[in-house]
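Geometric and topological summary
What follows is the residue order along each chain.
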Amino acid sequence: GSRNTPNFSFVLSAKPRKSQRAVPSRTISVERRGDFHHGHFSAMASPCEIIVETGDETMARRMTETASAEVWRIEDKFSRYNPASIVSRINSGQTVTVDEETGMMLDFASHCYALSGGLFDVTSGIFRKIWKFDGSGRIPTERKIKSLLKMVGWEKVSWAKPTITLPLGMEIDLGGIGKEYAVDRVLLTLKQEFIGAFLVNLGGDVAAHGKRKDGQPWAVGIENPSSAGSAKIVLPLISGALATSGDCFRYVLRNGIRYGHIINPKTGWPEKNAPRSVTVMDDTCTNAGILATLAMLHGKDAENFLASENVRYWAVRE
């Protein structure tokens, strides 16, 4: 009931508006709210926060500094917008020998491609060149889609750890797993260095650690796709992670049809009959994120797919 609300901490968890390429200043801020400290920073085109159940501002600031440093490290390393990143080197078409962490990411991407029957494909980011999910009614021509489909397909990539070679013109984009991976890394790092309960929220990808002092769970609000800034569902979270995929901010609206930003790599088109948003709870944010994305790609069968995966999920259709 509403009388319990003061015991909860509240986080909206829909994907943020994307203002790619704009580089925000890398600063942090910390503020106290009751028994909690909230640390804020920006990364991966998203607002990020660490909520710590402590009255100790110094500790909260150190935790925020630790978290932001790790997220910025991952962003610099894997962003396709950073010309010095490992992804940019790979996308140059040269044979690249990668480090252990990058190798793990590529192995995971390959694993997801195989398990999903090709629906999750890190080479499909190239479609951003023709699809602009800016709320307008512009959709690309079938000719343009077909020309880019030739540049998509993980099976065309030569990946034999630790070397990778992309056919000229192809690209990889690890954005589909990067932020969720960062959540898991931050959670692991903070658990090793600090005690007490805390919650990590990177632009709507969320993980919690530790029991609250009053025994209450964290409360995570899933944003209402039809009313930005308001919660459609509020979920209790004690441990584990939540990831949300949806068309709240990034979409094209044409002839009354809303096309979300998640593109089927086999067709070059978004699925028309996908839910407005899908939230998945899992042990790790990386797994939750993959399942939420794949659910959107299953369109009208999203709920059946999630039920078959035996995970807790919330799908919003309107």
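Points about the overall build of the protein
Tallying secondary structure elements over the protein gives seven helices and 16 strands in all. The buried share among the 318 residues of the protein stands at 53%. In the protein, 64% of the contacts between residues at least 6 apart in sequence involve partners at least 24 apart. Element-wise, carbon and sulfur atoms account for 50% of the exposed surface of the protein, whose accessible area totals about 14,500 Å².

Comments concerning the packing of aromatic side chains
Counted according to the given criterion, the structure contains two aromatic pairs. Ring centres of F36 and W218 lie 5.7 Å apart, and the angle between their planes is 55 degrees; this geometry places the pair in the tilted category. With F36 in strand β3 (residues 36-43) and W218 in strand β10 (residues 218-223), this residue pair connects regions lying 182 residues apart in the sequence. Exposure class is identical for F36 and W218. Each is buried. Judged by centre distance (5.8 Å) and plane angle (80 degrees), the ring pair of F41 and W72 falls under edge-to-face. Here F41, found in strand β3, pairs with W72, found in helix α1 (residues 57-78); they are 31 residues apart in sequence, far enough to count as distant. The ring of W218 carries the charged tip of R212 above its face, separated from the ring centre by 5.2 Å.

A word on unusual backbone geometry
For the peptide bond that leads from K161 to P162, omega is 10 degrees, which places it in the cis range. The phi dihedral of A45 is positive, around 55 degrees, even though this residue is not glycine.

So, the environment of G178
Following the sequence through the fold, G178 ends up in helix α5 (residues 175-193). Given the relative accessible area of 10%, G178 is considered buried. A C-alpha to C-alpha distance of 8.8 Å links G178 and M105, two positions 73 residues apart in sequence.

Description of the nonpolar core
By size, the foremost hydrophobic cluster in this structure holds 65 residues, and its most contacted members are F41, W154, I164, L190 and V200. The greatest single-element share of this core, amounting to nine residues, is contributed by helix α6 (residues 285-297). Counting 14 residues, the second-largest nonpolar core is a separate cluster that includes A197, W218, V220 and L242.

Examining the sheet that holds strand β6 (residues 158-160)
With respect to topology, three strands assemble into an open sheet ordered β5-β7-β6, the strand pairing being antiparallel. Lying at the two open borders of the sheet, with one neighbouring strand each, are β5 (96-97) and β6. The pairing of β5 with strand β7 (residues 163-165) spans two bridges and is classified as antiparallel. Each residue of the ladder has a partner; that of V96, found in β7, is I164.

Topic: the pairing of strand β15 (residues 277-282)
Of all six residues in β15, six are buried, a share of seventy percent or more. Burial along β15 is two-sided: S277, T279 and M281 and V278, V280 and D282, pointing in opposite directions, are all buried. As paired elements, strand β12 (residues 240-246) and β15 share six bridges and run antiparallel to each other. Bridge assignment links L242 to a residue of β15, and that residue is M281. Strand direction decides the pairing type here: β15 and strand β16 (residues 312-316), joined by five bridges, are antiparallel. Counterpart to T279 in the pairing with β16 is W314.

Observations regarding the confidence of the model for the protein
The predicted model of the protein has a mean per-residue pLDDT of 87, with 88% of residues at 70 or higher. Here residues 1-20 is a poorly scored stretch, pLDDT under 50, and it has 62 contacts once near neighbours within four places are set aside; other chains count.

Description of the sheet that holds strand β8 (residues 198-202)
Strand order in this open sheet of eight strands is β2-β3-β4-β8-β9-β12-β15-β16, and the pairing throughout is antiparallel. Each edge of the open sheet carries a strand with a single partner, namely β2 (29-33) and β16. For this sheet, the mean angle separating the axes of adjacent strands, direction not counted, is 15 degrees. As paired strands, β2 and β3 are joined by five bridges and run antiparallel to one another. Note on β3: the bridge partner recorded for V30 is G39. Where α5 meets the sheet, it contacts β4 (46-52), β8 and β9 (205-209), and its direction lies at approximately 155 degrees from that of β8. Seen against the sheet, α6 touches β9, β12 and β15 and runs at an angle of roughly 25 degrees to β12.

Points about the side chain of D173
Relative to the helices and strands, D173 is located in the loop between β7 and α5. Assessed through its relative accessible area of 18%, D173 is described here as buried. Separated by 2.8 Å, the side chain of D173 and the backbone nitrogen of G175 make a polar contact. Ignoring sequence-local partners within four residues, the contact set of D173 consists of R80, V122 and G125.

What counts, and at which threshold
- Residues numbered from 1 in each chain as written.
- Predicted model: local features only at pLDDT ≥ 70, side-chain atom pairs only at ≥ 80, totals over all residues.
- Heavy atoms only, no water.
- Helix = DSSP H or I, 4+ residues; strand = E, 2+ residues; numbered from the N terminus.
- Buried < 20%, exposed > 50% of the residue type's maximum accessible area, 1.4 Å probe, protein only.
- Contact = heavy atoms within 4.5 Å.
- Areas by Shrake-Rupley, 256 points an atom, 1.4 Å probe, with all protein chains shown as cover.
- Phe/Tyr/Trp six-rings, centres within 6.5 Å; stacked < 30°, edge-to-face > 60°.
- Lys NZ or Arg CZ within 6 Å of the ring centre and 35° of its normal.
- Core = buried A, V, L, I, M, F, W, Y, C linked by side-chain atoms within 4.5 Å.
- Pairing = 2+ DSSP bridges.
- pLDDT = per-residue confidence, 0-100.
- Axes fitted to C-alpha atoms, helices over the stretch in contact; angles between N-to-C directions.
- Polar contact = N/O pair within 3.5 Å; in protein donor to acceptor, adjacent residues only side chain to side chain.

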